[in-house]
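An overview of the molecular structure
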Amino acid sequence: MNPTRKNKTLDPVEQWLAGRGWQSFPFQREVWQAVAQGRSGMLHATTGSGKTYAVWLGMLAALLDRHPPTPRTAPPAGKAVAQPLRVIWLTPMRALASDTTRALTEPLSALAPAWTIGQRTGDTASAERARQDRRFPTVLVTTPESLTLMLTRDKPREELQGVEYVVVDEWHELIGSKRGVQAQLALARLRRFNPRLVTWGLSATLGNLEQAMGVLCGPGAQPEPKLVRGRTDKKLVIDTLIPPDPGKYSWAGHLGARMQQPVVDEIAKSGTTLVFTNVRSQAEIWYQLLLEAKPEWAGEIALHHGSIDKASREWVELGLKEGRLRAVVATSSLDLGVDFLPVERVLQIGSPKGVARIMQRAGRSGHAPGRASRLTLVPTHTMEIIEAAAARRAAYEGRVEERESPDKPLDVLVQHIVTIALGGGFRAGELFDEVRTSWAYRDLTRAEFDWALLFCERGGESLTAYPDYHRIALGDDGVYRVRDAAIGRRHKLGIGTIVSDAAMHVKYMSGATLGTIEEGFIARLRKGDCFFFAGRLLEFIRVQDMAAYVKKATRNKGTVPTWQGSKMALSTEMGDAVLEMMQKAAQGEFVEPELEAARPMLQTQARLSRIPTPDALLVETFRSKEGLHIYVYPFAGRHVHLGLASLLAWRLARERPNTFSMSVNDYGFELVSPEEFDLAPVRHKDVFATDDLLHDVLASLNSTELAQRRFREIARVAGLIFSGYPGQPKSARQLQASSGLFFEVFRKYDKGNLLLGQAEREVLSQELEISRLRTTLERMLRKELWLVELKHPSPMSLPLMVERFREKLSTEQLSTRLDRILRDMEADER
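This report concerns the structure included in the present document. (Residues numbered from 1 in each chain as written. Predicted model: local features only at pLDDT ≥ 70, side-chain atom pairs only at ≥ 80, totals over all residues. Heavy atoms only, no water.)

Points about the packing of aromatic side chains
Under the definition given, this model contains 14 aromatic pairs. Between Trp22 and Tyr53 the ring centres are 6.1 Å apart and the planes differ by 40 degrees, which places this aromatic pair in the tilted class. Linking Trp22 in the loop between α1 (3–19) and α2 (26–36) with Tyr53 in helix α3 (residues 51–66), this pair joins segments that are 31 residues apart in sequence. The class for Tyr53 is buried, based on a relative accessible area of 14%. Measuring from centroid to centroid gives 6.2 Å for Phe455 and Phe746, while their planes differ by 70 degrees, and the two rings are edge-to-face. Separated by 291 residues along the polypeptide, Phe455 in helix α18 (residues 446–458) and Phe746 in helix α28 (residues 732–749) bring together distant segments of the chain. With a relative accessible area of 1%, Phe455 lands in the buried category. We classify Phe746 as buried; its relative accessible area is 0%. Ring-pair connections join several aromatic residues into one group, and the members of that group are Trp451, Phe455, Tyr469, Phe711, Phe742, Phe743 and Phe746. Sitting over the ring of Phe590, Arg599 keeps its end group 4.0 Å from the ring centre. In this arrangement the basic side chain of Arg610 is found over the ring face of Trp786, its NZ or CZ atom lying 3.7 Å from the centre. (Phe/Tyr/Trp six-rings, centres within 6.5 Å; stacked < 30°, edge-to-face > 60°. Helix = DSSP H or I, 4+ residues; strand = E, 2+ residues; numbered from the N terminus. Buried < 20%, exposed > 50% of the residue type's maximum accessible area, 1.4 Å probe, protein only. Lys NZ or Arg CZ within 6 Å of the ring centre and 35° of its normal.)

Topic: the sheet that holds strand β22 (residues 627–632)
The five strands lie next to each other as β23-β24-β22-β21-β27, forming an open sheet whose pairing is mixed. Strand pairing shows two members of the sheet lacking a second neighbour, β23 (661–664) and β27 (784–789), which therefore form its edges. Adjacent strand axes in the sheet meet at a mean angle of 15 degrees when their direction is disregarded. Of the strands in this sheet, β21 (616–624), β22, β23 and β24 (669–673) touch helix α31 (residues 798–806), which is tilted by about 115 degrees from β23. (Pairing = 2+ DSSP bridges. Axes fitted to C-alpha atoms, helices over the stretch in contact; angles between N-to-C directions. Contact = heavy atoms within 4.5 Å.)

Let's talk about the sheet that holds strand β12 (residues 345–349)
Pairing in this open sheet of six strands is parallel, and the strands run β8-β13-β12-β9-β11-β10 from one edge to the other. Of all the strands in the sheet, the pair left with one neighbour each is β8 (236–240) and β10 (301–304). Direction aside, neighbouring strands of the sheet carry axes that sit 20 degrees apart on average. Pairing of β10 with strand β11 (residues 327–330) involves four bridges; the strand directions are parallel. In the strand pairing of β11, Ile301 is matched with Ala327. Those strands touched by helix α11 (residues 260–268) are β9 (273–276), β11, β12 and β13 (373–378), and its axis lies near 170 degrees from that of β12. Across the sheet, helix α14 (residues 355–362) touches β8, β9, β12 and β13, and the angle it forms with β13 is around 125 degrees.

Description of empty space enclosed by the protein
If you roll a probe as big as a water molecule over the atoms, it shows you where there is empty space left. Within this structure, the stated rule accounts for two cavities of 30 Å³ or more. Approximately 50 Å³ is the volume attributed to the largest cavity. Thr148, Leu151, Gln182, Leu185, Ala186, Val412, Gln415 and His416 are the residues that line the largest cavity. Where the lining of the largest cavity is concerned, the elements lending two or more residues are α9 (178–193) and α16 (410–422). Of the residues belonging to the lining of the largest cavity, the class tally is four nonpolar, four polar and no charged. (1 Å grid on protein atoms, 1.4 Å probe; cavity = no way out; pocket = protein on both sides within 12 Å on 5 of 7 lines; lining within 4 Å. Points joined across faces, edges and corners; volume = space filled by probe spheres on them. Nonpolar A, V, L, I, M, F, W, Y, C, P; charged D, E, K, R; others polar.)

Here we look at the nonpolar core
Ranked by internal contacts, the top residues of the largest apolar core, which has 111 residues, are Trp171, Ile417, Ile472, Phe711 and Leu720. Discounting chain neighbours no more than four positions away, the residues touching Ile472 are Ile417, Val418, Ala421, Phe426, Leu453, Cys456, Glu457, Tyr480, Arg481 and Val482. (Core = buried A, V, L, I, M, F, W, Y, C linked by side-chain atoms within 4.5 Å.)

Observations concerning the pattern of salt bridges
Considering all chains together, one arrives at 46 salt bridges under this definition. Across the salt bridge formed by Arg66 and Glu164, the nearest N and O atoms sit 2.6 Å from each other. Taken as a pair, Arg66 in helix α3 and Glu164 in the loop between α7 (156–160) and β5 (165–168) lie far apart in primary sequence, 98 residues in all. Residue Arg66 is classed as partly exposed on the basis of its relative accessible area, which comes to 42%. Under the relative-accessibility criterion, Glu164 is labelled buried at 13%. Arg651 serves as the salt-bridge partner of Asp696, at 3.0 Å between the closest nitrogen and oxygen. (Salt bridge = Lys/Arg side-chain N within 4 Å of Asp/Glu carboxyl O.)

Things to note about the environment of Val141
As for its position among the elements, Val141 is in strand β4 (residues 139–142). A residue is classified by how much of its surface remains accessible, and Val141, at 0% relative accessible area, is buried. The sequence separation of Val141 and Val167 amounts to 26 residues, and the corresponding C-alpha distance is 9.4 Å. The residues touching Val141, leaving out its near neighbours within four places in the chain, are Trp89, Thr91, Ala97, Thr100, Thr101, Leu104, Gly118, Gln119, Arg120 and Thr121.

A short note on unusual backbone geometry
Residue Pro223 follows Gln222 across a cis peptide bond; omega there is -5 degrees. Within the secondary structure, Pro223 sits in the loop between α10 (209–217) and β7 (226–229). Not every positive phi belongs to a glycine, and Lys353 is a case in point at roughly 70 degrees. Of note, Lys353 is situated in the loop between β12 and α14. Of note, Asp692 is a non-glycine position whose phi angle comes to about 55 degrees, a positive value. Along the chain, the position of Asp692 falls in the loop between α25 (680–683) and α26 (693–700). Residue Asp692 is classed as exposed on the basis of its relative accessible area, which comes to 57%.

With respect to the environment of Glu434
When you line up the elements, Glu434 lands in helix α17 (residues 428–435). For the pair Glu434 and Arg192, spaced 242 residues apart in sequence, the C-alpha to C-alpha distance is 7.2 Å. Excluding residues within four positions of it along the chain, Glu434 makes contact with Ala188, Arg189, Arg192 and His416.

Section: helix α29 (residues 754–767)
For α29, which comprises 14 residues, the first-to-last C-alpha distance of 19 Å matches the rise-based estimate of 20 Å (1.5 Å per residue) to within 8%. Its side-chain oxygen at 2.9 Å from the backbone nitrogen of Leu755, Asn753 defines the N-terminal cap of α29. Positive backbone phi, at 45 degrees, marks Glu769, one or two positions downstream of α29. (Expected span 1.5 Å × (residues − 1). Polar contact = N/O pair within 3.5 Å; in protein donor to acceptor, adjacent residues only side chain to side chain.)

Next comes the structure, spelled out in structure tokens:
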């Protein structure tokens, strides 16, 4: 590349920066050079360091060089000035689209005022969509779902072959999901339209950068993609709000309410603060706790999560940007790159469970180059105090979790085949070759592709007699197309891979909408029941037309809605970091303030049992009126522990039939049986063997029930189940019944149906994390075994007891039971 030419190209960009008093960072110039060379790539840099302009200004400079903009002139009457779509900016969240558009517009308006920019998401007004249907803007900010919908248009090649650049923002948020696969397939299509397409991904929190870049750019991409690591002097501060006297024993949520006043005090002495929780129900609770402590803050604090009405969320976001709000309690709905410059402080309620999440949320404060990002962890039990120190150490050392792309999910492929058939059609061989250029399908066989093709064409072996499942047809010209307009309309409405339980709108009797709640929660309510939602106490009136009608409650108490999939699991990186912290405590090194605060609990653990360390596997046994308990502590996260608990229970009962109850948390699991069982297999580590692991795991669980539950999602993504037309959604019961019927029909009459096999694989890989389970067992086998017989429950085992008690005891009964256990232990200690 001619360096003189390169400098000339970047002159307008540098001048624009200089006019604002800014200077480019070295990593930004590195990206500009790679873009000028026509290379795709990945930019990994801290949140708020200038990633957006690093990629956008490089692309804008290259476009200005190749397509010098003409002066803005009025078009002839009745004609529009042709401005082809050049750049697509993919964002994982609709909420990010407006912020991104504003950021891109500033330099675009200054350097190429005749070029246009627009948004196309599920929130885009119909009038704006109609304008775009006549002529796309030069730059389009959109989502994976909306981009896929663009591929269903009559002439997608003509409309999209001029696209020269695609940017995928927050790539870490997409790569590990089917939405990421959907984006991969769309990119493969765009590369077919324009083989010189340049693609860049942006991320702040990825561990496996080289692989993530390969997933984005496709296997064997040429020219070789460029990985740029952005290094700036941005400071990251992570500290802990240590509770007073956390005590010797603690369990999930034990310290939560006790932290109310310390959190209020921190907010009072800080500027605008974001208070993050891991789940929506916890956000509702903490919003009420803040209002309870400071009623005068009403109007100065707000609540934000994905189930609250869009208009309310936008009001909160605007209040944050303008600095009008003292604090906002939020979930992951505010995790990603929306810029809230007034935010000075982030509080994280409970453990973040992952290093990437803590870094992402910390970046919401000080969101500008040169400003420090500060996050304060607020533990809700004593083990989370230790987790806080571990999280800080892991974050400072950059031990970020890896993200893997799903491997050839056939439900997404089936949806894509119909999408391309709808958007002008395809020839089978050409589409097969195209799909294999995406990372997720690089190992797709022709037999698997042909099965998916036949499934779209005839519905497989068992649905041949039903015309609704003959979605595509082969024409005389060798091109597959969608011939039925009704099938095409239904397909467009079902595009996407985000599948959630059916939700009901929550409305006042006047008709004003507050948001959505999962149907299962509403189904449990009776008229007059009260619940907290969107920061309000509401009284349930009735259900009508898939809406739950409510009024403001006059009582002071209510329940809090629960949402599915609410518990996050400890990552491997976090689990290892926690064990390293505990080893320091075992060696008497209470070097961190968090370890000093947890000292009473850790010393009690050491006195009654032993403190787990990275090189040893602690197994505790305890006899009570309930029977024989066994506690195992791999520190592998609750999902892996669920699989391990089921596996060990099955293996222990294989020789002698027995019944086990179990409980799990992020640190370990409990098995308890009313009958004695032989501990020799544990002592000799036989139960931890990896031989016949897949067979034993499937045998230890109701794998058919798990697969059927997983199939509900697959059936909806693959288009077997139609969720309903706008304003006429089907209920969760209808959708579950439909998917269950398909599951049974395929099992009986279409045993070769590959979607059944996918359901089994997803159960193993996603729900049970089979590869991580195997790795955990291998690590357990390598460790020294510490088998300790307890006289009393240890601080590590008591939380597992509490998890099990919660399933069968009321809150009052649980409190009474715990009081008795703790009194008995204290009496014996005296």
